[in-house]
Amino acid sequence: MENKFRLLTPKIVDYKTSKTDKNISTIRHGFNLLKRGKELAYIRKRVINEKSFSDLDNDYFAVDFDNFLTSIEPETIVGKINTAFNNLKPKESYLNEVNQIITALEIFSYSFDECINGLKPFVLKSNKANEFEEILLKIRLYSIEKPFVALASNYGVPQNRERVLFIGCRKDQKIINDIPATVKENEKVNVFEALYDLDFVGNDDERFDYEKVDLKAKYNGSTEKMLSLIQKRNIDGKPNEKQGLSYAEWSKKGRLNGRFSNAKNPFYVRNFEELENTLTHLVAPLHNHKTSKQKDDVVKRLETILNAGDYNSAKASLKDIGLGSEKRNYNVLKPESQSSTIMTIADDYIHYSNPRALTVREMARLQSFDDSFVFQGKRSTGGNKRKFEVPQFTLVGNAVPPLMARAVALEILKNIQ
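All of these numbers come straight from a predicted model, not from anything done at the bench.

Participant: Whenever I open this one, the side chain of Gln 367 confuses me. Can you help?
Facilitator: Within the element layout of this structure, Gln 367 appears in helix α17 (residues 360-367). The exposure class assigned to Gln 367 is buried, which follows from its relative accessible area of 0%. For Gln 367, the side chain forms a polar contact with the main-chain oxygen of Ala 399, separated by 3.2 Å.

Laid out in C-alpha cells, this is it:
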C-alpha cells in the first residue's frame, strides 16, 4: 500500500505539497504506525497498567489517557488516513485508487471473523454458501457454537453462581454446547449442609481444629428440621444414602485425596519467605477459619438484619435504633437454599444463625473447595495495597467452583475421541 501511495502522490498533489502538506504527512505517518502494530500493542498495555496503578478514573487525567489509547488503535489510524485523503480532494479519476488503499488498510486491521463477514455478501451473490462453509471447515482448527450459561448449583455447589461458557471443539470432534446437571432442582446442596459443622466460632475468633457442633442445643425445637437438610451424597452432589458422604464430610475427607500419594499436610504461611522456610509452616487440620473483630454496634446491626430476614426489611428498624448504614447490600444466607454468588468481600454476607460475616473457610465451602485447600497470604487488605496484594477473600471470591470445573472437564473427557 505504501508503494501504491508513493505512485499515486504525484498524481494528486504537486511536489511542494507532497513535502509540506499535513494531510500527506498524516498518510505517510499512518502507514508507519500501522507497521508497528506489536509495538503499539505493548504501549497500550503499559498505559492501561499505569492508568490502573494510579487509579486514573473520574478525574482530569482519565480522559487524556483514554484519548491516547484510542488514538493508537488501528481503526483510528485508518480513519485519520481516510480523513486526510478526503481533505486532499483528489480528482474523480483517482478516487478508485484512493478507495482501494483505504479498503486495503481497513482489511489490514480486520480479525479473521471480520474478513469472513466481509466475504459473505460475495458468497451469497454467487450462490456458493455450501462451498464457502466447506472451505471454512478446512481452515478452522476448531469450532465454537453459541455460548451458554452454566449454574454452579447444578453441579453440587451450594451457590447460585452463573457463568457464561464458550467451549471450543476441534473440528473433527463433537461440539459441546451444554454441561448436563449432576443434581436435580430438589437435590441441590444447601447452605446448612455446607457450613453447619463449622459453626463453632465467635466474634474475633480463630480455630485450627474441628469441634463438635451440638445441633440439639443450638436448634432446640427445630433440630429435626435442620438435620433433614443434611444428605449423603456422591462427589458431584448426587444423593446417595447408602454409600455417600455428607457435603461436610466430603470437604474434610477431600474429594481428590488419594490421587496424590506425596501430598503434604495442609499448612499456612503469610508470605514467600515463610514458604521457603518449612519451620514457619503452620500445620493444622483446619485453616482459614477466622472471624473479623466487629464492634458492638456492628454486631447489633447484623443481628437486626438477620432477625428481619433481609437488609431491605431491616432498614426501617436500623434507622429507628440509630444503626442505619450506607452499605449497598447485605446478603443473609438461608440455610435451606443456596447462597448468592460469592464475591470478594466477606462483609457482604451474614451467617444464617449468627450475626457475623463469613470466614474464608466458609466462603471456600460455598465455592466447593476441599478443606485441604489452604488459602495463603493475608486474610484481607484494602486501599492501594490491593494493587500488589491478593488477599484470601479475593482468591476465594474470584475462583471457579471446583465441582463446576469438574463437571465441565468430565463432559469434555466424555466427548473426546
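Participant: Teacher, can you tell me more about the layout of surface pockets here?
Facilitator: Any empty space left between atoms is shown by rolling a water-sized probe over those atoms. Of the voids in this model, the second largest pocket is the one considered here, and its volume is about 410 Å³. Looking at the second largest pocket, it is lined by 13 residues, and the ones nearest its centre are Phe 112, Asp 113, Arg 140, Tyr 142 and Ile 144. The greatest single-element share of the lining of the second largest pocket, amounting to 5 residues, is contributed by helix α8 (residues 112-125). Partitioned by chemical class, the residues of the lining of the second largest pocket number 7 nonpolar, 2 polar and 4 charged.

Participant: I tried to follow the nonpolar core on my own but got confused; where do I start?
Facilitator: The nonpolar side chains of a soluble globular protein tend to be buried, and buried together. Core analysis: the biggest nonpolar cluster contains 32 residues, and Phe 192, Leu 195, Leu 333, Tyr 352, Met 363 and Leu 366 have the highest contact counts within it. The set of elements that each furnish at least two residues to this core consists of α10 (191-195), α13 (247-253), α17 and α18 (392-397). Residues in contact with Leu 195, not counting those within four places in the same chain, are Leu 333, Tyr 352, Glu 362, Arg 365 and Leu 366.

Participant: What's the story with the side chain of Asp 370 in this structure? I'm lost.
Facilitator: Residue position: Asp 370 is located in the loop between α17 and α18. A polar side-chain atom of Asp 370 sits 2.7 Å from a polar atom in the side chain of Arg 255. If we skip the residues at most four places from it in the chain, Asp 370 touches Trp 250, Ser 251, Gly 254, Arg 255, Leu 256 and Arg 361.

Participant: Sorry if this is basic, but what is going on with the pattern of salt bridges here?
Facilitator: Within the structure shown, the criterion is met by 23 salt bridges. The partner of Lys 138 in a salt bridge is Glu 134, with the nearest N and O atoms 3.9 Å apart. Placement of both Lys 138 and Glu 134 in helix α9 (residues 129-139) is noted, with a separation of 4 residues, approximately one turn of the helix. Residue Glu 134 is classed as partly exposed on the basis of its relative accessible area of 45%. Between Asp 371 and Arg 365 there is a salt bridge; the shortest N-O distance is 2.9 Å. Looking at Arg 365, the relative accessible area reads 0%, which means it is buried.

Calculation criteria
- Residues numbered from 1 in each chain as written.
- Predicted model: local features only at pLDDT ≥ 70, side-chain atom pairs only at ≥ 80, totals over all residues.
- Heavy atoms only, no water.
- Helix = DSSP H or I, 4+ residues; strand = E, 2+ residues; numbered from the N terminus.
- Buried < 20%, exposed > 50% of the residue type's maximum accessible area, 1.4 Å probe, protein only.
- Polar contact = N/O pair within 3.5 Å; in protein donor to acceptor, adjacent residues only side chain to side chain.
- 1 Å grid on protein atoms, 1.4 Å probe; cavity = no way out; pocket = protein on both sides within 12 Å on 5 of 7 lines; lining within 4 Å.
- Points joined across faces, edges and corners; volume = space filled by probe spheres on them.
- Nonpolar A, V, L, I, M, F, W, Y, C, P; charged D, E, K, R; others polar.
- Core = buried A, V, L, I, M, F, W, Y, C linked by side-chain atoms within 4.5 Å.
- Contact = heavy atoms within 4.5 Å.
- Salt bridge = Lys/Arg side-chain N within 4 Å of Asp/Glu carboxyl O.

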